[in-house]
Amino acid sequence: MSKRLYIQDVATRDGFQIEASFVPTEDKIALIDRLSHTGLAKVEVTSFTSPKAIPNLRDAEEVMRGIARVPGVEYTVLVPNVRGCERALSCEVDEINLVMSASDTHGLANLRMTPEQSLAQFAEIIEVTRGSGVFINASLSTTFGCPFEGDVPETRVYELTERLLEIGVQGVTLCDTTGMADPAQVERICRESLQRWPEAVFTAHFHNTRGMGLANALAALNAGIDRFDASLGGLGGCPYAPGASGNICTEDLVHMFQRMGLDTGVNLDALLDAAATLPDLIGHEVPGAILKAGKSDRRYPKPKWMQEAGL
């Protein structure tokens, strides 16, 4: 594969939303500004949700207005309702990301809405955005399985994708909300989605809950997906999904793709420098592997005895 892959970091939204401590506004802005200079295609900055629901993101306007935007980088935000959409538009975001679930139980637990209710609300939000030029993306949670209901029928995923596109959504993110996906399933669903709707923009979003995150990303790649969500350091997880852990790690994903000879447009060293700031920022270590082990071209000196023996 010679085409460009697009890596989209979600750490400052998906990652920070579930941290035990509030990350100061100026630190969020500084991290986003660093990420903007790594070659990432997109940064999910924040969520325009109720401060009572997600207190860690109560500074959404301040962060969005405080970042230094870099040409070529898209800045997206999560929007839960019409009021959040209006707040986001006032900050001149590039993209609005809507979230719904493919399963009734997770939708009610996470959003207090069934998929049908989410679709109705999306239509209202899209109407508010008309004429703004803002790209509309919808993230379909539990695409690959629900922690409450188990398997989600693939026909249900395709039905909801069709309805999202019919109401004016331009991009769809296929989300493995709690790391239930397997590579065969991922490749099958991603390939079918791309074949059915070649005009739509599809993104893959995986969690590493059961250690299959990068394998699933590779399966999505093999199916033809070229856009991937990931989180710096491997931060994140759905606060309303039992057993959810962090997203696949941005620097680990980039490292894998670059070792395969694929073009991500990302400066991995700059990304690792940004990831190295996270432990002090959030007060604990992060799951990312490459930050700990180094890139696979890292070399170590020979043991002292071998050096002394001239070996």
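Refer to the structure presented above.
Residues numbered from 1 in each chain as written. Predicted model: local features only at pLDDT ≥ 70, side-chain atom pairs only at ≥ 80, totals over all residues. Heavy atoms only, no water.

Draft legend 1. Here's a closer look at the overall build of the chain. Secondary structure summary: the chain contains 14 helices and eight strands in total. Taking 311 residues into account, the globule formula puts the C-alpha radius of gyration at 19 Å, and the chain, at 19 Å, falls close to it. On the principal axes, the C-alpha backbone points of the chain span a range of 75 × 40 × 35 Å. Looking at the chain as a whole, 54% of its 311 residues are labelled buried. (Helix = DSSP H or I, 4+ residues; strand = E, 2+ residues; numbered from the N terminus. Rg over C-alpha atoms; globule rule 2.2 N^0.38 Å. Buried < 20%, exposed > 50% of the residue type's maximum accessible area, 1.4 Å probe, protein only.)

Draft legend 2. Region of the structure containing the pattern of salt bridges. Following the criterion strictly, the structure yields 14 salt bridges and no others. With its nearest N and O atoms 2.7 Å apart, the salt bridge here joins Arg188 to Glu154. Of this pair, Arg188 sits in helix α8 (residues 183-196) while Glu154 sits in helix α7 (residues 154-166), placing them 34 residues apart in sequence. What you see here is one network of salt bridges that share partners, running through Glu116, Arg156, Glu159 and Arg163. (Salt bridge = Lys/Arg side-chain N within 4 Å of Asp/Glu carboxyl O.)

Draft legend 3. Main features of unusual backbone geometry. In this structure, Arg112 takes a positive phi of about 60° despite not being glycine. Within the secondary structure, Arg112 sits in the loop between α5 (104-111) and α6 (115-129). Residue Thr142 is not a glycine yet carries a positive backbone phi of 55°. If you trace the backbone, Thr142 turns up in the loop between β5 (135-141) and α7.

Draft legend 4. Quick peek at the packing of α6 against α7. With their axes 11 Å apart at the nearest point, α6 and α7 run at an angle of 15° to one another. In this view, α6 runs roughly parallel relative to α7, as classed from their interaxial angle. Between α6 and α7 the crossing geometry is right-handed. Here Pro115, Glu116, Leu119 and Phe122 of α6 lie close against α7, whose contacting residues are Arg156, Leu160, Arg163 and Leu164. Counted by class, the contact of α6 with α7 contains five nonpolar, no polar and three charged residues. (Axes fitted to C-alpha atoms, helices over the stretch in contact; angles between N-to-C directions. Parallel < 35°, antiparallel > 145°, perpendicular 65-115°, else oblique. Left-handed = near helix turned anticlockwise from the far one by under 90°. Contact = heavy atoms within 4.5 Å. Nonpolar A, V, L, I, M, F, W, Y, C, P; charged D, E, K, R; others polar.)

Draft legend 5. Up close: the sheet that holds strand β1 (residues 6-9). Reading around the barrel, the eight strands line up as β1-β2-β3-β4-β5-β6-β7-β8 and close back on themselves, with parallel pairing between neighbours. Between one strand axis and the next, the sheet turns by 25° as a mean value, whatever way the strands run. Pairing between strand β7 (residues 201-206) and strand β8 (residues 227-230): two bridges, direction parallel. Within the sheet, the bridge partner assigned to Ala204 lies in β8 and is Phe228. Strands in contact with helix α2 (residues 25-36) are β1, β2 (42-47) and β3 (74-78); relative to β2, the strand with the most contacts, it is inclined by about 165°. (Pairing = 2+ DSSP bridges.)

Keep in mind that these numbers describe shape and distance, not what the molecule does.
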